[in-house]
Amino acid sequence: MQPLVTIGIPVYKRLSCVPRVLQSVLKQDYPHIELLVSDNGLNGTAVRDLVDQHYNRPYVFRKNPAIVTLAAHHSQLVAAASGKYFIWMPDDDSISPNYVSALVPILEQDPTVAVAIARQEYVDASGCVLRVSPNRAPHSISGEQLIMQWTKMGFESFTAIFARTADIRACGGYPEFPGGTHCDDALLIKLSLERTIAVTNACVYQLQHDEASAGWSL
């Protein structure tokens, strides 16, 4: 039996992108996926209505009675996850159809690998590719090497990671910072210490860059 993978989608106010991310999950060729959608924007029934309209499989839905911070919202998703593995997918991102099926075997076969990172593409709102991470052969490096080299390796987002749910919980997940939005970098550092990171070009994580978003400001 293949392990269950939870894909957590945190939604705030940007609902126009939600159908695209849902279609990306729907196209996965891996059979055991738990889709977990969380509304943090007090959007009434709009988010659930979108999921019902664009995702024709079972899913889990949660809704916050009051808006919480980004880090707290992401922690809520991890706490609610049932899967052995976890993927965060902001509502404007997408993944190649083989993303889950390519990454599960990497962590299943080697318990020393803490995180798998796929090839990254950065696109505009129309889907035009702006930048890509370097096309290097698949390999593994120490977490410390990744921390020292991540900008040289051409990666720009560390929300786009695949990891064990238990490991994310054990290290405390996304930390709360008094300012800034670098909590995804901090989580990767915590997961990486004294562990191995796998980098692969077998699948793609696609990030949409919005000039009004916090990610663009980084």
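Structure first, text after, so check above.
What you see is a predicted model; the values in this text were computed from it and never measured. (Residues numbered from 1 in each chain as written. Predicted model: local features only at pLDDT ≥ 70, side-chain atom pairs only at ≥ 80, totals over all residues. Heavy atoms only, no water.)

**Notes on the packing of aromatic side chains**
Step number 1: Scanning the model with the defined rule gives 6 aromatic pairs in all.
Step number 2: Look at Phe 86 and Trp 88: their rings are 4.9 Å apart centre to centre, the planes differ by 70°, and that puts the pair in the edge-to-face class. By the burial criterion, Phe 86 is buried, and Trp 88 matches it.
Step number 3: A ring pair is formed by Trp 88 and Tyr 174, whose centres lie 4.5 Å apart and whose planes are at 20°; its orientation type is stacked. One end of the pair, Trp 88, is in strand S4 (residues 85-88); the other, Tyr 174, is in the loop between helix H6 (165-170) and helix H7 (183-192), with 86 residues separating them in the sequence.
Step number 4: When its relative accessible area of 1% is taken as the criterion, Trp 88 is described as buried.
Step number 5: Linked through ring pairs, Phe 86, Trp 88 and Tyr 174 together constitute an aromatic cluster. (Phe/Tyr/Trp six-rings, centres within 6.5 Å; stacked < 30°, edge-to-face > 60°. Buried < 20%, exposed > 50% of the residue type's maximum accessible area, 1.4 Å probe, protein only. Helix = DSSP H or I, 4+ residues; strand = E, 2+ residues; numbered from the N terminus.)

**Describing a nonpolar patch on the surface**
Step number 1: A contiguous nonpolar surface patch, about 290 Å² in accessible area, is contributed by Tyr 12, Leu 42 and Ile 67.
Step number 2: Position of Ile 67 relative to the elements: it lies in the loop between strand S3 (60-63) and helix H3 (70-80).
Step number 3: The exposure class of Ile 67 is partly exposed, given its relative accessible area of 42%. (Patch = residues over 30% accessible without salt bridge, like charges linked within 9 Å, V, L, I, M, F, W, Y side chains within 5 Å. Areas by Shrake-Rupley, 256 points an atom, 1.4 Å probe, with all protein chains shown as cover. Salt bridge = Lys/Arg side-chain N within 4 Å of Asp/Glu carboxyl O.)

**Re the side chain of Thr 165**
Step number 1: Positionally, Thr 165 belongs in helix H6.
Step number 2: A polar side-chain atom of Thr 165 sits 3.5 Å from the main-chain carbonyl oxygen of Tyr 85.
Step number 3: Ignoring sequence-local partners within four residues, the contact set of Thr 165 consists of Val 78, Ala 81, Gly 83, Lys 84, Tyr 85 and Phe 86. (Polar contact = N/O pair within 3.5 Å; in protein donor to acceptor, adjacent residues only side chain to side chain. Contact = heavy atoms within 4.5 Å.)

**Side note on the environment of Ser 38**
Step number 1: One can find Ser 38 in strand S2 (residues 33-39).
Step number 2: Spatially, the C-alpha atoms of Ser 38 and Phe 86 are 14 Å apart, while their sequence positions differ by 48 residues.
Step number 3: Beyond its immediate sequence surroundings of up to four residues, Ser 38 is in contact with Ile 9, Pro 10, Val 11, Arg 62, His 73 and Leu 77.
Step number 4: Within the structure, Ser 38 has its side chain in polar contact with the side chain of His 73 (distance 2.6 Å).

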